[in-house]
Amino acid sequence: MSLPFWSRLLCLPLLSLGLSGCGESGVHTRLVFALQPALLASNVSPAAGVRAMESPPSLPNIDSDDGLSFQLEGASATLADIRLRLGGGLGCSEVRDSLPDGTDCVESEGQATVTLAGPVSANLATGELTPALEIPPGTYRRVDFTLAGTGFKAHTRHFQESKAWNMDLTLPAGESLRFESASDVVVKEAGSLRVVFQQDTWLRELPLASCFQKGDLTRADADDILLDEARGECQGAGEHVRNNLRAHGGMSAHPF
């Protein structure tokens, strides 16, 4: 039976956000890639979530340990070969009947994994995936994925004395990442599994304020901060940030 007209109107923005959707059944369970969950509407009804995300929240600043602050202006990634390790003792037989189109489940050495080929483009500030991805309801423990296309990029800016410096944080295509939950994550029907990048860790353990003052981050004739060209005590900062990006992520379940 088709959905009423007003319900179809509600479903369209939900689908575009990758948070929840409404097909013929009106029930979809979504996979979302995003920054920390606080940036997305959560623990509210789907309709309230749509209203909240029509005007996405301002992104938070990210800071080095010694207080150099950067305005985060956007973050995106292209993802492929997404593998969701099932937890809670679930095997493929428990989820196979609810696998959406474009997904599969494989078992190896007693472990079951839901697979999605991709590639998909993720706006990490809003959680929007293009195209949107559906997953079966279930219990999850780990996600593995590979960066494809343009890889991962976060654009930031540092403002000081009416001047702005641009700084991009990147991971190249071909990088494989793994984020794991400390405990099983139970995703219910019509809910979402959110894979999160923890942006407040990206500049951890870097004395960027000190290096900025000494001129070890910037050049007089440039408006860009290139961490791979940092000098002094910040030498190697680019790889340090990439290690933080690889290491700090998580998974959580939400009601839509």
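The structure reproduced in this document is the subject of the present report. Computed from a predicted structure; not experimentally measured. (Residues numbered from 1 in each chain as written. Predicted model: local features only at pLDDT ≥ 70, side-chain atom pairs only at ≥ 80, totals over all residues. Heavy atoms only, no water.)

Details of the sheet that holds strand β13 (residues 249-254)
Taken in spatial order, the 4 strands line up as β8-β1-β12-β13 in an open sheet, and their pairing is mixed. The open sheet has two edge strands with one neighbour each: β8 (133-134) and β13. Where strand β1 (residues 30-35) and β8 come together, 2 bridges link them in antiparallel fashion. Paired with Leu 31 across the strands is Leu 133, a residue of β8. (Pairing = 2+ DSSP bridges. Helix = DSSP H or I, 4+ residues; strand = E, 2+ residues; numbered from the N terminus.)

Description of the layout of surface pockets
Taken as a whole, the largest pocket holds about 190 Å³ of empty space. In this structure, the largest pocket is lined by 13 residues; those nearest its centre are Asp 168, Thr 170, Leu 226, Leu 227 and Asp 228. Contributions of two or more residues to the lining of the largest pocket are made by β10 (163-171) and α5 (237-247). Among the elements that line the lining of the largest pocket, the one with the most residues is β10, at 5 residues. A breakdown of the residues in the lining of the largest pocket according to their chemical character gives 6 nonpolar, 3 polar and 4 charged. (1 Å grid on protein atoms, 1.4 Å probe; cavity = no way out; pocket = protein on both sides within 12 Å on 5 of 7 lines; lining within 4 Å. Points joined across faces, edges and corners; volume = space filled by probe spheres on them. Nonpolar A, V, L, I, M, F, W, Y, C, P; charged D, E, K, R; others polar.)

Some words on the state of the cysteines
Using the criterion set out here, one finds 2 disulfides in the structure. Disulfide pairing places Cys 92 opposite Cys 105 at an S-S distance of 2.1 Å. For the disulfide bridge between Cys 92 and Cys 105, the dihedral angle about the S-S bond is near -80 degrees, and by the sign convention the bridge is left-handed. Of this pair, Cys 92 sits in helix α3 (residues 92-95) while Cys 105 sits in strand β4 (residues 103-108), and the two are 13 residues apart along the sequence. Here Cys 92 falls in the buried class, since its relative accessible area comes to 2%. The class for Cys 105 is buried, based on a relative accessible area of 4%. (Disulfide = S-S within 2.5 Å. Buried < 20%, exposed > 50% of the residue type's maximum accessible area, 1.4 Å probe, protein only.)

Keep in mind these values describe shape, not function.
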